[in-house]
Amino acid sequence: MQQNCLISLSYSSVGDASRGIKLVSNTLSKQSCRRETRRPQNQCVIHNTIPFPLRMRYTLLYIILLLSALTLHAQTTKETIRTWAWGVGRGSVLDTYLSPLTYTGTNFTLFHQTERQARWGHGHVTVQAIYTGQGAYLHSPTDDGKDIDAELSAAGGWLYHWDVGTHWRLSLGGMIEGSGGFTYNTRNSNNPAQARLGTDLQASARAEYAFKFFGQKASARLQLDGQALGMQFSPEYGQSYYEIFSLGHSHGIIHLTHPGNCPSARMQATVTLPVKRTRLTLGWLSDVRQSKLGGLKRHAWRNTFIIGYTRQLRRL
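Residues numbered from 1 in each chain as written. Predicted model: local features only at pLDDT ≥ 70, side-chain atom pairs only at ≥ 80, totals over all residues. Heavy atoms only, no water.

**Description of the overall build of the protein chain**
Threshold: Helix and strand definitions follow DSSP, with helices as H or I runs of at least four residues and strands as E runs of at least two, each counted in order from the N terminus. Burial here depends on accessible area, computed with a 1.4 Å probe over protein chains only, as a share of the maximum for the residue type. Under 20% is buried, over 50% is exposed, and the range in between is partly exposed. Two residues form a contact once any of their heavy atoms are found within 4.5 Å. Per-residue accessibility takes into account occlusion by the displayed protein chains alone, with areas from the Shrake-Rupley method and a 1.4 Å probe.
Each helix and strand in the protein chain was counted, giving two helices and 14 strands. Here the protein chain holds 316 residues, and the buried ones make up 38% of them. Counted over contacts in the protein chain with a minimum sequence separation of 6, partners at least 24 positions apart contribute 62%. Surface exposure of the protein chain reaches about 18,200 Å², of which carbon and sulfur atoms provide 61%.

Written as structure tokens, this is what we have:
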């Protein structure tokens, strides 16, 4: 004999799912139902409510995706400032999923930044995007183990600036960043690699000083970007990738990140000097990423000297 069942799914996530979805089915339910005294005996209710921590992660992901879309579709002027830079320096990586030792070695960096003035904000708002690529070949303290580490990141957002006097410009704003990478240990036969994937909201601050260099415009800049809130993939202590992807033991691999468990920041100090039709950019880039998630510790400290060029382009 068939029963009329009212199935209610409660979510707090993206779009219409945040308001809940009600589905009415006239087929026989194969699941156990919780009967309510106020309803007829032939009617049952199935409640499937997403846990609060998971709802928070869905809500945060929705906010990040929404802000990313707004950044990509922001109205900007036709003038664009592009900076390309390459660098080499020192890297230090600790990943207790692979080894309790800190590996150090040479780090290589590719850095790209674009800036456009937004049409709104009365000339005080700048839309910026930062792309970085990191690669390092590292060795253990006893030099009998090697690590290959790589990471890519892309960030975009807005800065609101104030002109202080005739030389200084101060800016504050925020960005959304997505990053991914891996670390491969040549000694490990079981679990030789660790993958990374995450997204976060960042606070951004910048100070610029304009001056003359042989009668032409030049500038010095200091910018700091720090992680505020985000999400990151990380296995639990003792959890293998075979368990996650083959056996389906994926509980607890997505973590909510904040400065308490994931203090990370990027700092760039550069000087841009005019050279013929282009501008030479020299500086120092420090990328510090740290985390303590699922009983595992990781840090990646990268300090590189960068050299490149800056060009101002105008779209037709």
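Alright, that's what it looks like, and here's the rest.
**Some words on the pattern of salt bridges**
How we decide: We define a salt bridge as a side-chain nitrogen of Lys or Arg found within 4 Å of a carboxyl oxygen belonging to Asp or Glu.
Summed over the entire model, instances satisfying the criterion amount to 18 salt bridges. Close ionic contact of Glu-115 with Arg-206 constitutes a salt bridge, the shortest N to O distance being 3.3 Å. With Glu-115 in strand E5 (residues 102–118) and Arg-206 in strand E9 (residues 193–213), this pair connects stretches of sequence that are 91 residues apart. Classification of Glu-115 by relative accessible area gives buried; the value is 10%. Look at Arg-206 and you get buried, because its relative accessible area is 5%.

**Comments concerning empty space enclosed by the protein**
Basically, it comes down to this: In this analysis the probe radius is 1.4 Å and the grid spacing 1 Å, with only protein atoms considered; a cavity is a set of points the probe fits into but cannot get out of, a pocket is an open set with protein on both sides within 12 Å along at least five of seven lines, and lining residues have an atom within 4 Å of a point. Grid points are joined across faces, edges and corners, and a volume is the space filled by probe spheres set on the points. Residues were grouped as follows: Ala, Val, Leu, Ile, Met, Phe, Trp, Tyr, Cys and Pro as nonpolar; Asp, Glu, Lys and Arg as charged; and all remaining residues, including Gly, as polar.
Using the criterion set out here, one finds four cavities of 30 Å³ or more in the structure. Quantified by volume, the largest cavity comes out at close to 180 Å³. In terms of lining residues, the largest cavity is bounded by 17 residues, among which Glu-151, Ser-179, Gln-232, Cys-262 and Arg-289 are the most central. For the lining of the largest cavity, the secondary-structure elements that each account for two or more residues are E9, strand E10 (216–233) and strand E13 (278–293). Across the lining of the largest cavity, the residue classes tally to three nonpolar, nine polar and five charged. For the second largest cavity, the full set of lining residues is Asp-95, Gln-194, Ala-195, Arg-196, Gln-232, Phe-233, Ser-234, Ser-291, Leu-293, Leu-296, Lys-297 and Arg-298. For the lining of the second largest cavity, the secondary structure elements donating two or more residues are E9, E10, E13 and strand E14 (296–314). Looking at the lining of the second largest cavity, its residues break down into four nonpolar, four polar and four charged.

**Let's talk about the pairing of E9**
Selection rule: In this scheme, strands are said to pair when DSSP sees at least two bridges between them.
The sheet contact formed by strand E8 (residues 168–185) and E9 spans 17 bridges and is antiparallel. When the bridges of E9 are listed, Trp-168 appears paired with Tyr-209. Across 17 bridges, E9 lies against E10 in antiparallel orientation. Note on E10: the bridge partner recorded for Ala-203 is Gly-226.

**Quick look at the layout of surface pockets**
Taken as a whole, the largest pocket encloses approximately 1,100 Å³ of empty space. For the largest pocket, the lining is made up of 45 residues, of which Ile-81, Glu-208, Ser-219, Arg-221 and Arg-279 are closest to its centre. When its residues are assigned to classes, the lining of the largest pocket shows eleven nonpolar, 20 polar and 14 charged.

**Examining the side chain of Ser-99**
Just so we agree on the cut-off: As used in this structure description, the phrase polar contact means that two N or O atoms lie within 3.5 Å; if the pair is within protein, one of them must be able to donate a hydrogen and the other to accept it, and residues adjacent in sequence are counted only when both atoms belong to side chains.
Checked against the element boundaries, Ser-99 lands in the loop between strand E4 (76–95) and E5. For Ser-99, a relative accessible area of 9% corresponds to the buried category. For Ser-99, the side chain forms a polar contact with the main-chain nitrogen of Leu-101, separated by 3.1 Å.

**Describing unusual backbone geometry**
The backbone phi angle of Asp-143 is positive, close to 65 degrees, even though this residue is not glycine. By secondary structure assignment, the location of Asp-143 is in the loop between strand E6 (125–139) and strand E7 (146–164). For Asp-143, a relative accessible area of 46% translates into the label partly exposed. Of note, Asn-191 is a non-glycine position whose phi angle comes to about 55 degrees, a positive value. With respect to the element layout, Asn-191 can be found in the loop between E8 and E9. For Asn-191, a relative accessible area of 22% translates into the label partly exposed.

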